[in-house]
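Analysis of the macromolecular model
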Amino acid sequence: MKSFQSIRTRDFTESVIREMTRLAVAKDATNLAQGFPDFPSPPELKDAAIEAILANHNQYSITWGAKPFREAIARKYMRTYGFEADAEREITACCGATEGMIAALLAVADEGDEVVVFEPFYENYHPDTLLCGVERKIVKLKAPDWTFDPDELRAAFSPKTKAIIINTPNNPTGKVFTLEELTFIASLCQEFDALAITDEIYEHITYGGKKHIPIITLPGMRNRSILVNSMSKTFSVTGWRVGWVIAAPHLTNTIRKVHDFLTVHSPTPLQFAGIKALDLPDSYFAGLAGEYDARRQIALKMLRNAGLRCFVPDGAYYIMTDASDLGVTNDHDFARFLINDVGVAGVPGSSFYSTDEGNSQMRFCFCKKHETLEAAGRKLAALPKIRHAIA
């Protein structure tokens, strides 16, 4: 009998992050696995979505996004970064950053091309490369500060390199790539005639004076960068699935065609609500990091109290931890133990690696209400005793 599973999906695994969420729901565990807030999005956004529906913005929009939404995106990038993007020729609205990333890769990559990926990486990047038929070239981000070796990165580039994927601020590590690092990456892209595809979904969530820098704004990168972003994290609307891709016209032209046949367009009324979101005052964006920093401090304290070694994040809203001091050598078993016996869900660290290198690591998110984090802290406080009792 024929195999009815395509070769390109043969090595797919289920999303470990979403698996942990399902297990957490089944056991009524506190979910620090999947990165969605359990607090409300800004009320003015919800009002704007309702108003858009009542105003009958309920039909197909232009495939690459309603013009007012694309213009709002352009205004936001000019205001924040002094970066001018042409709403007509360089901006594509899509169904979240997830679709933006795969649409970009499908648009530019051919089977046999190579794509450089930093590790640990967000779990979607692996199936994305499989769907495109490209070969991943892994470059390590080294704990505790998640730096990369410039020589190792250079060695990963070759004449077959089509692109490098950069996620900054980074999920899962919280790394914020510096200007020096991005400048070096940009020089390699220009030397090897490669693209930089950047996932910048956590752009406004940084700590300790760290600043997010879009590589597209650096010299020589205007025409060889594809910027992917979304409303999900900045506005606490992960279920809306409204994102965008910014790229030069010659890249956007192909990305739009792929996007058209993947999803047609993102939800029309939510694009119109997005106009209100992107036009919020600068004080909203400036205050976001401060709000998350308070949660970060709570999460760091509770995880350390539980006997976990924390890699302090400079951005995003995740903390990578090492559980080896608790005797953990199998992160998947430990993750299930946490859910079943402790009542807290995290993500096994190895799901962010191409090998079992992260098998003593766990990722926890802190995009939760203070009371949710405090409840998780009370449960985790018993972890060392429970581990000792069953050892």
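Presented here is an overview of the structure given in this document.

Thresholds, definitions, all that
Residues numbered from 1 in each chain as written. Predicted model: local features only at pLDDT ≥ 70, side-chain atom pairs only at ≥ 80, totals over all residues. Heavy atoms only, no water. Helix = DSSP H or I, 4+ residues; strand = E, 2+ residues; numbered from the N terminus. Rg over C-alpha atoms; globule rule 2.2 N^0.38 Å. Contact = heavy atoms within 4.5 Å. Axes fitted to C-alpha atoms, helices over the stretch in contact; angles between N-to-C directions. Parallel < 35°, antiparallel > 145°, perpendicular 65-115°, else oblique. Left-handed = near helix turned anticlockwise from the far one by under 90°. Nonpolar A, V, L, I, M, F, W, Y, C, P; charged D, E, K, R; others polar. Pairing = 2+ DSSP bridges. Buried < 20%, exposed > 50% of the residue type's maximum accessible area, 1.4 Å probe, protein only. Polar contact = N/O pair within 3.5 Å; in protein donor to acceptor, adjacent residues only side chain to side chain. Phe/Tyr/Trp six-rings, centres within 6.5 Å; stacked < 30°, edge-to-face > 60°. 1 Å grid on protein atoms, 1.4 Å probe; cavity = no way out; pocket = protein on both sides within 12 Å on 5 of 7 lines; lining within 4 Å. Points joined across faces, edges and corners; volume = space filled by probe spheres on them. Disulfide = S-S within 2.5 Å.

A word on the overall build of the protein chain. Within the protein chain, the regular secondary structure consists of 13 helices and 13 strands. Taken against the 2.2 N^0.38 rule, which gives 21 Å for 391 residues, the C-alpha radius of gyration of the protein chain at 21 Å falls within 12% of a compact globule. Along the first, second and third principal axes, the C-alpha set of the protein chain runs to 65 × 55 × 50 Å. Taking all contacts inside the protein chain whose residues are at least 6 apart in sequence as the whole, residues at least 24 apart take part in 75%.

Running from amino to carboxyl end, helix 4 (residues 96-108) crosses helix 5 (residues 125-132) at an angle of 30°, the nearest separation of the two axes being 10 Å. Taken together, the axes of helix 4 and helix 5 lie roughly parallel to each other. The handedness of the crossing between helix 4 and helix 5 is right-handed. On the side of helix 4, the interface is formed by M101, I102, L105 and L106, while helix 5 contributes Y125, D128, L131 and C132. Looking at the contact of helix 4 with helix 5 residue by residue, the class counts come to seven nonpolar, no polar and one charged.

Let's shift gears to the environment of T129. If you trace the backbone, T129 turns up in helix 5. Residues T129 and V108, 21 residues apart in the sequence, show an inter-C-alpha distance of 12 Å. Beyond its immediate chain neighbours, meaning those up to four positions away, T129 contacts V134 and R136.

Spatially, four strands are ordered 9-10-13-12 in an open sheet, and the strand pairing comes out antiparallel. The sheet is open, and its two borders are formed by strand 9 (309-311) and strand 12 (347-348), each paired with just one other strand. Direction of pairing for strand 9 relative to strand 10 (residues 318-322): antiparallel, over a ladder of three bridges. Following the sheet pairing, R309 is matched in strand 10 by D322.

What follows concerns the pairing of strand 13 (residues 361-365). In terms of burial, strand 13 is a largely internal element, five of the five residues being buried. Burial of strand 13 is two-sided: the residues Q361, R363 and C365 facing one way and the residues M362 and F364 facing the other way are all buried. The pairing of strand 12 with strand 13 spans two bridges and is antiparallel. Opposite P348, over in strand 13, you have M362 as the bridge partner.

Here the focus is the side chain of E203. As for its placement among the helices and strands, E203 is situated in the loop between strand 6 (195-199) and strand 7 (225-230). For E203, the side chain forms a polar contact with the side chain of N229, separated by 3.0 Å. Ignoring any residue separated from it by four or fewer positions in sequence, one finds E203 in contact with Y77, Y81, P169, H212 and N229.

Strand order in the open sheet formed by seven strands is 2-8-7-6-5-3-4, with mixed pairing between adjacent strands. The sheet terminates laterally at strand 2 (91-94) and strand 4 (135-140), the two strands that pair on one side only. The sheet shows a mean angle of 20° between the axes of neighbouring strands, direction not considered. Packing against the sheet, helix 7 (residues 179-191) makes contact with strand 3 (114-119), strand 5 (161-167) and strand 6, and its axis sits at approximately 165° to strand 5.

Enumeration according to the criterion identifies 18 aromatic pairs in this entry. Judged by centre distance (5.2 Å) and plane angle (55°), the rings of F118 and F177 are tilted. Of this pair, F118 sits in strand 3 while F177 sits in the loop between strand 5 and helix 7, and the two are 59 residues apart along the sequence. Ring geometry for Y202 against Y317: centres 5.4 Å apart, planes inclined by 80°, an arrangement best described as edge-to-face. In this pair, Y202 sits in the loop between strand 6 and strand 7 while Y317 sits in the loop between strand 9 and strand 10, placing the two residues 115 residues apart along the sequence. Judged by relative accessible area, which is 3%, Y202 ranks as buried. Given a relative accessible area of 0%, Y317 falls into the buried group.

Here the focus is empty space enclosed by the protein. According to the stated counting rule, one finds one cavity of 30 Å³ or more in the structure shown. Approximately 60 Å³ is the volume found for the largest cavity. Forming the boundary of the largest cavity are V117, F118, P120, F121, Y122, Y125, I165, I166, N167, N170, N171 and F177. The set of elements that each furnish at least two residues to the lining of the largest cavity consists of strand 3 and strand 5. With three residues, the top contributor of residues to the lining of the largest cavity is strand 5.

Time to look at the state of the cysteines. A full pass over the atoms with the stated rule returns zero disulfides. For the unlinked cysteine C94, the closest cysteine sulfur is that of C95, found at 7.0 Å. The closest cysteine sulfur to the non-disulfide-bonded C367 is located on C365, 4.0 Å from its own sulfur.

Moving on, we get to the pairing of strand 8 (residues 243-247). Counting buried positions along strand 8 yields five of five residues, so the element is predominantly enclosed. Side chains of strand 8 alternate between two faces, with G243, V245 and A247 and W244 and I246 buried alike. Pairing between strand 2 and strand 8: four bridges, direction antiparallel. Bridge assignment links A93 to a residue of strand 8, and that residue is W244. Note that strand 7 and strand 8 share five bridges and pair antiparallel.

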